[in-house]
Amino acid sequence: AIRDRLWILDAKSGDLRHALLLPAKERKTHDWGFVAQEDDVIVGSAVQANSAYRDFWGDAAWFDKVGVAVTQVCSDRLFGYRKSTAKGIWTYGRGLILNPTLALHDGKLYFLENRSLKPQDISSSRISDRRLWLDLTTVCLDAKTGQVIWEKPGPKPVHLTEKVGFVQAAYGIATSHGYLAVLSEGTVNESGAYQKKGNFRCTSYGQDGAIQWSTESPWGSDHHGIHI
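Residues numbered from 1 in each chain as written. Predicted model: local features only at pLDDT ≥ 70, side-chain atom pairs only at ≥ 80, totals over all residues. Heavy atoms only, no water.

Draft legend 1. Region of interest: the overall build of the chain. A tally of helices and strands in the chain yields zero helices and 17 strands. Over its C-alpha atoms the chain spans a radius of gyration of 18 Å, differing by no more than 12% from the 17 Å that the globule rule assigns to 228 residues. If one aligns the C-alpha atoms of the chain with their principal axes, the spans along those axes are about 55 × 40 × 35 Å. Counting over 228 residues, the chain shows a buried share of 45%. Restricting to contacts in the chain with at least 6 residues of sequence separation, those with at least 24 account for 55%. Positive and negative side-chain charges in the chain, numbering 27 and 25 respectively, have mean positions lying 4 Å apart. (Helix = DSSP H or I, 4+ residues; strand = E, 2+ residues; numbered from the N terminus. Rg over C-alpha atoms; globule rule 2.2 N^0.38 Å. Buried < 20%, exposed > 50% of the residue type's maximum accessible area, 1.4 Å probe, protein only. Contact = heavy atoms within 4.5 Å. Lys, Arg positive; Asp, Glu negative; His and termini not counted. Charge placed at Lys NZ, Arg CZ, Asp CG, Glu CD.)

Draft legend 2. Representation of the pattern of salt bridges within the structure. Evaluation of the coordinates by the stated rule reveals nine salt bridges. Here Arg94 ties to Glu151 by a salt bridge, and the two come within 3.1 Å at their closest N and O atoms. Of this pair, Arg94 sits in the loop between strand S7 (87-92) and strand S8 (96-98) while Glu151 sits in strand S13 (residues 148-153), placing them 57 residues apart in sequence. With relative accessibility at 46%, the residue Arg94 sits in the partly exposed group. The partner of Glu216 in a salt bridge is Arg201, and the shortest N-O contact between them spans 2.3 Å. Linking Glu216 in strand S17 (residues 211-218) with Arg201 in strand S16 (residues 194-206), this pair joins segments that are 15 residues apart in sequence. Its relative accessible area of 9% is what places Arg201 among the buried residues. In this structure, a network of salt bridges that share partners links the residues Arg94, Glu113, Arg115 and Glu151. (Salt bridge = Lys/Arg side-chain N within 4 Å of Asp/Glu carboxyl O.)

Draft legend 3. Expanded view of the side chain of Lys108. For Lys108, the position within the fold is in strand S10 (residues 108-114). A polar atom in the side chain of Lys108 sits 3.4 Å from the side chain of Gln207. Residue contacts for Lys108: discarding those within four places in its chain leaves Ala103, Cys140, Leu141, Ala143, Ile149 and Gln207. (Polar contact = N/O pair within 3.5 Å; in protein donor to acceptor, adjacent residues only side chain to side chain.)

So, in structure tokens, the structure goes:
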């Protein structure tokens, strides 16, 4: 992915074969975000320009720093290309899609999405607004058509409100069994003070979207990535 497009190179020669563009609506204002491929399908997403992280040090980039302006990069739109023809085949956009939760397996694309926050509520695709986590939907799309296969209420934090608490990270894993969504949430008291601990909250969705199980396990510590 190079800014607003995806390059397809000939693996033998290195020659540029195609440069896939973002959907027309986002082409002047967004960059290419997520990218994955399976069989003849390429899946991409659009994020507001300059939202991708390019620095490692400093509070603005140091996602390991617990509970401080924790941000998630979210996409406004998903889309599919056919790899053999380099032609676009579908687009999808109903809310803010949490990029680390996107997972593709066996023709199905899974993710967590917030449909409550509006574009006027955010100024960047790097989002630290607590409301992002309060109304999540778990979605499964057909990767070949972009059609919704199922959608279910998403996982819910336990301690977080609009005013206190934080989710350190979120991610998704897709397998032949279905989809596993994980929230890493810090523990706070009623006044919002961080209690130096947290939990991984895991929700397993089956192929039909039904919840197979949910569980939580404590952080081993809150530094050096153990809480992520």
